[in-house]
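Chain and residue survey
Here's the letter readout for the chains.
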Amino acid sequence: MTTLSDAKATEHMNDDLSSDVPSHSRDDLERRLLRKLDFRMSIIIVLYALNFVDRANASSARLATFEQDLHLQGNQYATILSIVYVGYILMQVPANMVLHWLEKPSILIPGSMVIWGLVSTLTGITKNYTGILLARFFLGFVEAPFYPGVLYLISGWYKRDELAVRTTLVTCGSVLAAGFGAVFASGILTGMQGKLGQAAWRWLFYIEGSATILERALAISRLEEDGTDGLGKRTTMQGLRDAVCDWKVWWFSVALIIQFVALSFVIYFPTIVATLGYDTTNTLLLCAPPWVFSTIVAFVISRYSDKAQKRYVFLFASSALAGVGFIISICTMNTAARYTSVFLMAQISAAYMVIWGWINNIFAREPAKRAVAIALINGLSQTGNIIGAYVWPINWGPTYRYSYAICLAALGASTTMFGVMYLHLKRVNERIERNEQNAKDINNLSKPSWF
């Protein structure tokens, strides 16, 4: 079977032969290469859906007897949601450094997948707060290599004007899982209560965790064994030093920490939809349409972002729509208006995917640095999820006006920080253009940064 690294080598060979191959033939070759890459990457959609479902099970389980059976009190439920991100943060950078050094994603990614499926399944047998807390911590720890690893891989396989759409492609699994995972959960919570003497929420962890383990064989047969682009000359430790010393890594990390506070509504989505006043089954079914809408918007925005070779303007547009959604929810308890608002809030996933396309563009040149930068930014940004887990205390419901206000303020702050980066990169590009006009040897010039 032709490997992805073979396909990447073909792409580089096409560049070398560009003077000998007619332009229409080269375009045909590139289209075939892209189709091959996209087909090979399609399994990631399923894997990322399972990744999100296993992490978000506790949100759906809350609508059953989860809290009562485990005797949870006060902020213990919020701590259960947030602890998963502690393990997630700790493992991000080491995992991507190992991926860059090992050059075998077919070992690291499916391996972590089967372990997290096992941990998620065993979560169903926990009996108390301590047990569920430990299970959730280790779930985040073993899930950590997946998403930053995938982002690093696609940044090495695609050109800069193809990244936003491909980031959306591999990430849409989690967006759809946010909706249809709730639909699946509604069937389990409704039909499995009391089966074999087990509460329905326990079956939720048993069934969805087992599904992840069963996908492992398919993942091994489809994921590539050799996905590096072969262009890097710096070692893994040099890449770590380069990433840590680049202020843009820290700027994006802080901006995304604040962004994740704004996105905290995602982990409480079933609770938010429950404020519409419907029963558990209908509540979980109503969770699906906003995420279908979100997926469509994400593909449209990311496609035009790639085509226009712009990032911030599309990020801003998606964030503005989400802001309108927060304002509607603050101002009214009208059922139709609040349900409309969750559609507007859900589509902010488009901004999140464009951000990752932007980050991959900025750190595109050196694979070792890119591997660490992606993991460091993604890992530190999960701190926002830890904070966000405490933004939705039950005593603020059913209006959750204070929660929406915090999300709105966080969204404004993060969008402003991204705007500062946009202005910086705009000035950098203008300087590069001026240097290009004066340079004798344009091969020595830096590539302009997308903004």
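Refer to the structure above for everything that follows.
Residues numbered from 1 in each chain as written. Predicted model: local features only at pLDDT ≥ 70, side-chain atom pairs only at ≥ 80, totals over all residues. Heavy atoms only, no water.

Put simply, helix H12 (residues 247-262) and helix H18 (residues 349-362) touch, their axes get as near as 12 Å, and they point 175 degrees apart. Considering the angle they form, H12 stands roughly antiparallel to H18. On H18, the residues touching Lys248, Phe252, Leu256, Gln259 and Phe260 of H12 are Tyr352, Ile355, Trp356, Trp358, Ile359 and Ile362. Residues belonging to the contact of H12 with H18 are distributed by class as follows: nine nonpolar, one polar and one charged. (Axes fitted to C-alpha atoms, helices over the stretch in contact; angles between N-to-C directions. Helix = DSSP H or I, 4+ residues; strand = E, 2+ residues; numbered from the N terminus. Parallel < 35°, antiparallel > 145°, perpendicular 65-115°, else oblique. Contact = heavy atoms within 4.5 Å. Nonpolar A, V, L, I, M, F, W, Y, C, P; charged D, E, K, R; others polar.)

Time to look at the environment of Ala274. With respect to the helices, strands and loops of the structure, Ala274 is situated in helix H13 (residues 269-274). The class for Ala274 is partly exposed, based on a relative accessible area of 28%. Put simply, Ala274 and Leu284 are ten residues apart on the chain and 8.2 Å apart in space, counted from C-alpha to C-alpha. (Buried < 20%, exposed > 50% of the residue type's maximum accessible area, 1.4 Å probe, protein only.)

A surface patch of nonpolar side chains, about 380 Å² in accessible area, is lined by Leu90, Leu134, Phe138 and Phe141. It is helix H6 (residues 129-143) that provides the largest number of residues to the nonpolar patch, a total of three residues. Structurally, Phe138 is set in helix H6. With relative accessibility at 43%, the residue Phe138 sits in the partly exposed group. (Patch = residues over 30% accessible without salt bridge, like charges linked within 9 Å, V, L, I, M, F, W, Y side chains within 5 Å. Areas by Shrake-Rupley, 256 points an atom, 1.4 Å probe, with all protein chains shown as cover. Salt bridge = Lys/Arg side-chain N within 4 Å of Asp/Glu carboxyl O.)

A word on the packing of aromatic side chains. What the rule picks out here adds up to 20 aromatic pairs. Centre to centre, the rings of Tyr312 and Phe316 are 6.1 Å apart; their planes meet at 45 degrees, and the pair counts as tilted. Placement of both Tyr312 and Phe316 in helix H16 (residues 312-331) is noted, with a separation of four residues, approximately one turn of the helix. The exposure class of Phe316 is partly exposed, given its relative accessible area of 45%. Put simply, the rings of Tyr77, Phe265, Tyr268, Phe269, Trp291, Phe326, Trp392, Tyr400 and Tyr404 pair up and form one aromatic cluster. (Phe/Tyr/Trp six-rings, centres within 6.5 Å; stacked < 30°, edge-to-face > 60°.)

Think of an α-helix as 3.6 residues a turn; residues three or four steps apart then line up on the same face. Of all the positions in helix H11 (residues 236-244), only Thr236, Gly239 and Ala243 are classed as buried. Viewed along the axis of H11, the buried residues span an arc of 55 degrees, placing them on a single side of the element. (Arc of directions from axis to C-beta.)

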